[in-house]
Number of protein chains: 4
Amino acid sequence: MLKKTLSRREREKLRQRRDMLAASLELFSEKGYHNVSMQEIAERAEFALGTLYKFFKNKEDLYKTIIAEQADRFHEVLTNAMEEGDDEIEKLRNFVRTKGTMFINDVSVVRLYFAETQGASFNIKAGLDKQILENIEQDLQQLARIFESGIEKKRFRKIAEPYYLAVSLNSLTDAFLLLWLEAPERHPYPENPDVILDILCKGLLE
Amino acid sequence: MLKKTLSRREREKLRQRRDMLAASLELFSEKGYHNVSMQEIAERAEFALGTLYKFFKNKEDLYKTIIAEQADRFHEVLTNAMEEGDDEIEKLRNFVRTKGTMFINDVSVVRLYFAETQGASFNIKAGLDKQILENIEQDLQQLARIFESGIEKKRFRKIAEPYYLAVSLNSLTDAFLLLWLEAPERHPYPENPDVILDILCKGLLE
Amino acid sequence: MLKKTLSRREREKLRQRRDMLAASLELFSEKGYHNVSMQEIAERAEFALGTLYKFFKNKEDLYKTIIAEQADRFHEVLTNAMEEGDDEIEKLRNFVRTKGTMFINDVSVVRLYFAETQGASFNIKAGLDKQILENIEQDLQQLARIFESGIEKKRFRKIAEPYYLAVSLNSLTDAFLLLWLEAPERHPYPENPDVILDILCKGLLE
Amino acid sequence: MLKKTLSRREREKLRQRRDMLAASLELFSEKGYHNVSMQEIAERAEFALGTLYKFFKNKEDLYKTIIAEQADRFHEVLTNAMEEGDDEIEKLRNFVRTKGTMFINDVSVVRLYFAETQGASFNIKAGLDKQILENIEQDLQQLARIFESGIEKKRFRKIAEPYYLAVSLNSLTDAFLLLWLEAPERHPYPENPDVILDILCKGLLE
DNA sequence: GATGAATGAGTTTTCATTCAT
DNA sequence: GATGAATGAAAACTCATTCAT
């Protein structure tokens, strides 16, 4: 879809939609799905309540749209990050670094990300969309293939199945992000991705 | 307090309380705090609505009681597990094994555990009690001391600060528990704790 | 009813009943009918909830019993007061003095008295009993007869119908009692009944 | 604020508010605060429950608004009445006449007035607003000044302190209003204010 | 097309009353 | 006969959603 083909009207609509989603994201992230009212969202976004319903058919739809859009953006950036880099280690470094950067620049999203991926999504009526779960799965698969490739090239020892290695690295980055979220000063997300990677790479035992 | 000293009345009360907490735990775990009504809980527990309020002063109190009781049980068992074992590796094995066993025997709790610890607790008005956060922190500290001791004894390489190693191992077990929760058949929680521990211990790089 | 004919059991019952009524009177007077629960009354009276219901068939019955008993006591004392005294003025003095003394000794009752007689009784489902209204009416009639007699004997000028004079004197004492209730220090109920009576007797105009 | 400056929307809002207050006044007056539900008020006013809550933040707010508005109106009218008239007697006549007229035209208000001023306000959680008590006190003070002025000019005998004379006259009008309220046919509120005033003015004793 | 007032179902909570022990 | 635990009807209040303007 070329931008040039969008009429002023259409561009305006997109801008409104973006504003609504931004306001909702903030509020949901601050207070949680059930502690935010549609009225509140409308006010924060500076639109009328009815206008909100012109864009999203109900509260759940609005919420899911946010999650879906963020997940897509997230997915795209991560996919690209994992493709860049000359060797496997470099790709893993890119994964760790990019995931950190992305989240730290967008605190609101982190909270929702954890709420959703770590099993609290049952707080909202319906679980995550198939689409989103697939995104996440794809990221893990892509990460797994990096590990697999490393193992094939004898660069990595096969200390676990590639998929589990992917899950592990993902959970390590999550853990560091949570620490940062709770106490940004005391537990900054490491600038050097090796701090996290080494936990996986170096082997604890002498 | 010896059971024998409890009157029939008192024992009956305890049983009722337990039934109520059990019903609530199930429902909160299935549907989330905000999607469960007190009426629903009363029905599931087979008590009248008013009786529920005789035992818990309001919905939040009921919820927090569940979380607190489970967190205490959890904390106690884990603390003990980490104390047993002759050397550091054995203690870590006990941690991984016990955490798995405990959760797998009580699926309802896992869901709430993740909802609460992974940042979704903001879905309920008040966050986690100080007490519970302290429990969790204590577990991590205890785990960290095991790593520290291993490093001092030159059994472990210091691939990261002990506290971060503790956080890492904890997040790895969480990740495997989540996998199991999503697809118990495909991703059983490993009976042999080394499957998880090795990810930390063996070192990926050749 | 001779006291001697009452068995110990019966005397005990009467004492319990009195205790219950006393506790209820206190509470109703402090907080108003709707802001007092039967549970609360039972606790204050140090009886079990069920026992309360053995004595009074429901909350309204309990309330009405209090009102009726106090009204009876009130009526009896006032009737006697108005009978004593050698002339009309003395009888009126006795009325004013006795009404004051009685209320001031029993603050709880005053509040209920005003709540009931001044038209707030509609706050409770049913209005005042016929019996009580009749009591009040009788008092007014008796007072009216005193005025009437005074007029016949040419001691009083007929500045209004005797009944309205009765109502007037009654309302004057009520007004002074209300003042005292609001600010006992600033507006003590006059020890000398003439302070009130004079307002009626002396005539404002020169 | 000129009516012309109100938009149709605003006028509509005012009308709705008035309708709600009118329905509430009726119901509270008929049955008392605690025997009226918000649902009932909504039905009587022919609005949805939620609409009621758009206008008044809760039941107590609704009640207090009624009381406050009526008290203000009452206060204003009485103040003016007491200012008109050439001499003291005329001012007192105006007070007695106006108070009667106002109440007789608005029976619902009388009931609430008595419920509130005669000490039953403790039936509702919060007592009367400071503002309202001040209104009442101001009226009494103004009345007292009239008596004082009359005494200074030697038109009145000082049969009691001016403030107590004010309280007395006020209580006399209240008494006649209560009589009328109970039996309008038998005890009409006197058209000629002297019927009430004479009780104070003429002096009972020969 | 935008608006936001109006709606009412659904939720939490209280408390008078009953009745098994 | 006393007890007080259990009951559930009823009340206050919220908020997602609709629809007339």
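Reading the values: the criteria
Residues numbered from 1 in each chain as written. Chains lettered and ligands numbered in written order. Predicted model: local features only at pLDDT ≥ 70, side-chain atom pairs only at ≥ 80, totals over all residues. Heavy atoms only, no water. Helix = DSSP H or I, 4+ residues; strand = E, 2+ residues; numbered from the N terminus. Buried < 20%, exposed > 50% of the residue type's maximum accessible area, 1.4 Å probe, protein only. Contact = heavy atoms within 4.5 Å. Areas by Shrake-Rupley, 256 points an atom, 1.4 Å probe, with all protein chains shown as cover. Salt bridge = Lys/Arg side-chain N within 4 Å of Asp/Glu carboxyl O. Near = heavy atom within 4 Å. Polar contact = N/O pair within 3.5 Å; in protein donor to acceptor, adjacent residues only side chain to side chain. Nonpolar A, V, L, I, M, F, W, Y, C, P; charged D, E, K, R; others polar. Axes fitted to C-alpha atoms, helices over the stretch in contact; angles between N-to-C directions. Parallel < 35°, antiparallel > 145°, perpendicular 65-115°, else oblique. Left-handed = near helix turned anticlockwise from the far one by under 90°. Patch = residues over 30% accessible without salt bridge, like charges linked within 9 Å, V, L, I, M, F, W, Y side chains within 5 Å. Lys, Arg positive; Asp, Glu negative; His and termini not counted. Charge placed at Lys NZ, Arg CZ, Asp CG, Glu CD. Core = buried A, V, L, I, M, F, W, Y, C linked by side-chain atoms within 4.5 Å. Phe/Tyr/Trp six-rings, centres within 6.5 Å; stacked < 30°, edge-to-face > 60°.

A. Looking closely at the overall build of chain A. On a plain count of helices and strands, chain A comes out with 9 helices and 0 strands. Looking at the 206 residues of chain A, the share that counts as buried comes to 52%. A sequence separation of at least 24 residues applies to 64% of the contacts in chain A between residues at least 6 apart. For chain A, the accessible surface area stands at approximately 10600 Å², while carbon and sulfur atoms represent 48% of it.

B. Fine view of unusual backbone geometry. All names here are of chain A. Backbone geometry at Glu-46 places phi at a positive 60°, although glycine is not the residue there. One can find Glu-46 in the loop between helix 2 (38–45) and helix 3 (49–55). Judged by relative accessible area, Glu-46 falls into the exposed class, the value being 72%.

C. Seen up close, the pattern of salt bridges. The final tally for this structure, using the stated rule, is 64 salt bridges over all chains. Glu-90 of chain B serves as the salt-bridge partner of Arg-93 of chain B, at 3.0 Å between the closest nitrogen and oxygen. Of the two residues, Arg-93 of chain B and Glu-90 of chain B both sit in helix 5 (residues 88–104), 3 residues apart, roughly one turn of that helix. Among the ionic contacts, a cluster of salt bridges with common partners joins Asp-87, Glu-88, Lys-153 and Arg-155 of chain A.

D. A look at the protein's contact with DNA strand E. In the vicinity of DNA strand E lie 30 residues, with Thr-51 of chain A, Lys-59 of chain B, Met-38 of chain C together with Gln-16 and Thr-51 of chain D positioned nearest. The sugar-phosphate share of atoms of DNA strand E within 4 Å of the protein amounts to 57%. Take Tyr-53 of chain B: an N or O atom from its side chain is 3.0 Å from a phosphate oxygen of DNA strand E. At 2.7 Å, a side-chain N or O of Lys-59 of chain B approaches a phosphate oxygen of DNA strand E. No other element matches the 5 residues that helix 3 (residues 49–55) of chain D contributes to the surface near DNA strand E. Here the residues of the surface near DNA strand E are counted per class, giving 14 nonpolar, 10 polar and 6 charged.

E. Geometry of the protein's contact with DNA strand F. By nearness alone, 29 residues border DNA strand F, and Met-38 of chain A, Gln-16 and Thr-51 of chain B, Thr-51 of chain C together with Leu-49 of chain D come closest of all. In DNA strand F, atoms within 4 Å of the protein come 60% from sugar and phosphate. At 2.7 Å from a phosphate oxygen of DNA strand F is found a side-chain nitrogen or oxygen belonging to Thr-51 of chain B. A distance of 3.0 Å separates a phosphate oxygen of DNA strand F from a polar atom in the backbone of Met-38 of chain D. Counted by class, the surface near DNA strand F contains 13 nonpolar, 10 polar and 6 charged residues.

F. Inspection of the packing of helix 4 (residues 59–83) of chain C against helix 5 (residues 88–104) of chain C at higher detail. Residue and element names in this part refer to chain C. Where helix 4 meets helix 5, the axes come as close as 8 Å, and the angle between the chain directions of the two elements is 150°. Between helix 4 and helix 5, the crossing angle belongs to the class labelled roughly antiparallel. The interaxial crossing formed by helix 4 with helix 5 has right-handed handedness. Of the residues in helix 5, those in contact with Arg-73, Phe-74, Val-77, Leu-78, Ala-81, Met-82 and Glu-83 of helix 4 are Lys-91, Asn-94, Phe-95, Thr-98, Lys-99, Met-102 and Phe-103.

G. Layout of a positive patch on the surface. All names here are of chain A. A contiguous patch of positive charge on the surface is contributed by Arg-8, Arg-9, Arg-11, Lys-13 and Lys-54. Element by element, the count of residues in the positive patch is highest for helix 1 (residues 8–31), at 4 residues. Relative to the helices and strands, Lys-54 resides in helix 3. With relative accessibility at 72%, the residue Lys-54 sits in the exposed group.

H. The arrangement of the environment of Val-107 of chain B in detail. All names here are of chain B. Its place among the elements puts Val-107 in helix 6 (residues 107–120). According to the relative accessible area criterion, Val-107 is partly exposed, its value standing at 39%. Spatially, the C-alpha atom of Val-107 lies 20 Å from that of Asn-94, the residues being 13 residues apart in sequence. Ignoring anything within four residues of it in the chain, the contact list for Val-107 reads Trp-180 and Leu-181.

I. Focus on the nonpolar core. Residues Leu-169 of chain C together with Leu-169 of chain D are the most contacted members of the largest nonpolar core, which totals 128 residues. Top contributing element to this core by residue count: helix 8 (residues 162–182) of chain C, with 14 residues. For Leu-169 of chain C, the contacting residues outside a window of four places in its chain are Leu-92, Phe-95, Val-96, Leu-143, Phe-147, Ile-196, Leu-197 and Leu-200 of chain C. Among the nonpolar cores identified, the runner-up in size contains 127 residues, and Phe-47 and Met-102 of chain A together with Leu-21 and Phe-47 of chain B belong to it.

J. Fine view of the packing of aromatic side chains. Taken as a whole and assessed by the stated rule, the structure comprises 36 aromatic pairs over all chains. Taking 5.0 Å as the distance between ring centres and 15° as the angle between the ring planes, the aromatic pair formed by Phe-74 of chain A and Phe-103 of chain A counts as stacked. Taken together, the residues span a long stretch of sequence, with Phe-74 of chain A in helix 4 (residues 59–83) and Phe-103 of chain A in helix 5 (residues 88–104) at a distance of 29 residues. Classification of Phe-74 of chain A by relative accessible area gives buried; the value is 12%. Owing to a relative accessible area of 2%, Phe-103 of chain A belongs among the buried residues under this scheme. Geometrically, the ring pair formed by Phe-28 of chain C and Tyr-63 of chain C is edge-to-face, given 5.2 Å between the ring centres and 80° between the ring planes.

K. Local environment of the packing of helix 4 of chain C against helix 7 (residues 130–152) of chain C. Residues and elements named next belong to chain C. At a minimum axis separation of 9 Å, helix 4 and helix 7 run at an interaxial angle of 10°. Judged on the interaxial angle alone, helix 7 and helix 4 are roughly parallel. Of the two elements, helix 4 crosses helix 7, and the hand of that crossing is left-handed. Every residue of helix 7 that contacts helix 4 at Ile-67, Ala-68, Ala-71, Asp-72, His-75, Leu-78, Thr-79, Met-82 and Glu-83 is listed here: Ile-132, Asn-135, Gln-138, Asp-139, Gln-142, Leu-143 and Ile-146. The residue inventory of the contact of helix 4 with helix 7, partitioned by class, reads 8 nonpolar, 5 polar and 3 charged.

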